[in-house]
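Fold and contact review
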Amino acid sequence: MQSTTTVHSILAFSLIFFTASSSSFAAPKQIKLPPETAKLPKSELAGYQLATQKCMICHSVDYIFYQPPGMNQNQWTAEVAKMKHSYGAMLSAADIKSIGAYLAVVYGTAKATDSEVLAVSTISSSQPKTNSEPQALLTSSGCMGCHAIDNQVLGPSFKDIAAKYKQTAQAQNMLAISIQQGGAGKWGEIPMPPMTNLTTEQAKSLAKFILEQ
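Residues numbered from 1 in each chain as written. Predicted model: local features only at pLDDT ≥ 70, side-chain atom pairs only at ≥ 80, totals over all residues. Heavy atoms only, no water.

**Here we look at the packing of aromatic side chains**
Applying the stated criterion across every chain yields a total of 3 aromatic pairs. Each ring, one from Tyr-48 and one from Tyr-102, has its centre 5.8 Å from the other, and the planes form 55 degrees; the classification is tilted. Here Tyr-48, found in helix H2 (residues 46-54), pairs with Tyr-102, found in helix H4 (residues 93-107); they are 54 residues apart in sequence, far enough to count as distant. The aromatic ring of Trp-187 is capped on one face by Lys-164, whose charged end is 4.3 Å from the ring centroid. (Phe/Tyr/Trp six-rings, centres within 6.5 Å; stacked < 30°, edge-to-face > 60°. Helix = DSSP H or I, 4+ residues; strand = E, 2+ residues; numbered from the N terminus. Lys NZ or Arg CZ within 6 Å of the ring centre and 35° of its normal.)

See below:
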């Protein structure tokens with residue numbers, strides 16, 4: 001009798017273990033990260049806009065705190081250059097110097113009034129202020145780092161965006177606002193950084209181009 005009870009206990013334990021194990025296999029765990037709230041310190045330096053626009057595509061602001069403290073302008077510039085040469089970031093030589101100067105001022109040892117900082121902190125020639133040619137803006141603004149016309153990259157393809165919104169009232173204005181202000185949650189968890197360097201005219205031009213795909 002005692003032997004039968006022991007066998008039943010083993011079977012019951014095995015059933016519970018198997019059920020629990022099956023549940024864990026059937027429902028993979030998901031990790032939900034908290035929303036990004038940290039922002040780059042604002043600055044009048046051109047590198048601020050470039051960093052917000054291009055660095056935040058792949059990095060959180062918190063990533064900066066993993067860098068050694070007190071880096072100088074040359075060290076920050078080398079760090080930004082590594083993003084292009086090692087990881088293929090779409091940065092021009094002028095972008096790299098300008099972003100390096102900005103990061104050295106807000107996180108390193110440089111000052112905004114340093115002649116070396118000012119010399120590389122003019123708006124990059126790859127950042128047109130008045131050019132509303134959509135395809136030039138898409139490239140210069142870094143949009144093509146996350147999007148493509150026909151296929152999904154990090155973000156949805158322009159054709160998918162057009163298919164979703166082209167019948168929506170005020171779609172061009174809505175997309176233009178999304179381009180300028182950024183956002184998250186419409187196409188998954190990966191946030192889109194704000195394109196604060198674009199004028200309203202340029203953002204509407206990009207929105208019109210996307211809706212025509």
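This is not the end of the story, as more comes after the structure.
**Here we look at the environment of Lys-208**
When you line up the elements, Lys-208 lands in helix H9 (residues 200-211). Here Lys-208 falls in the partly exposed class, since its relative accessible area comes to 44%. When the C-alpha positions of Lys-208 and Ala-162 are compared, they lie 9.5 Å apart, and in sequence the two are 46 residues distant. (Buried < 20%, exposed > 50% of the residue type's maximum accessible area, 1.4 Å probe, protein only.)

**Describing the layout of surface pockets**
Approximately 310 Å³ is the volume found for the second largest pocket. Lining the second largest pocket are 14 residues, and of these Lys-54, Ile-57, Cys-58, Ala-89 and Met-90 lie nearest its centre. Taken together, the residues of the lining of the second largest pocket break down into 9 nonpolar, 4 polar and 1 charged. (1 Å grid on protein atoms, 1.4 Å probe; cavity = no way out; pocket = protein on both sides within 12 Å on 5 of 7 lines; lining within 4 Å. Points joined across faces, edges and corners; volume = space filled by probe spheres on them. Nonpolar A, V, L, I, M, F, W, Y, C, P; charged D, E, K, R; others polar.)

**Details of empty space enclosed by the protein**
One pass over the full model with this rule turns up 3 cavities of 30 Å³ or more. Looking at the largest cavity, its volume works out to about 530 Å³. Going through the elements one at a time, helix H7 (158-165), helix H8 (171-181) and H9 are the ones with two or more residues in the lining of the largest cavity. By residue number, the principal contributor to the lining of the largest cavity is H8, which donates 4 residues. Across the lining of the largest cavity, the residue classes break down as 21 nonpolar, 8 polar and 1 charged. A volume near 170 Å³ is recorded for the second largest cavity. For the lining of the second largest cavity, the leading source of residues is helix H3 (residues 73-87), giving 4 residues.

**Side note on unusual backbone geometry**
A positive phi angle is found at Gln-170, which is not glycine, with a value near 60 degrees. Relative to the elements of secondary structure, Gln-170 occurs in the loop between H7 and H8.

**Digging into the nonpolar core**
Of all hydrophobic cores here, the largest spans 24 residues; its most connected members are Leu-40, Trp-76, Ile-99, Leu-103 and Tyr-107. Counting residues per element, the ones that place at least two in this core are H2, H3 and H4. No other element matches the 7 residues that H4 contributes to this core. In contact with Leu-40, not counting residues within four places along its chain, are Tyr-48, Ala-51, Thr-52, Met-56, Val-61, Ile-64, Tyr-102 and Tyr-107. Core analysis: the next-biggest nonpolar cluster, separate from the first, contains 18 residues, Ala-171, Leu-175, Ile-179 and Leu-206 among them. (Core = buried A, V, L, I, M, F, W, Y, C linked by side-chain atoms within 4.5 Å. Contact = heavy atoms within 4.5 Å.)

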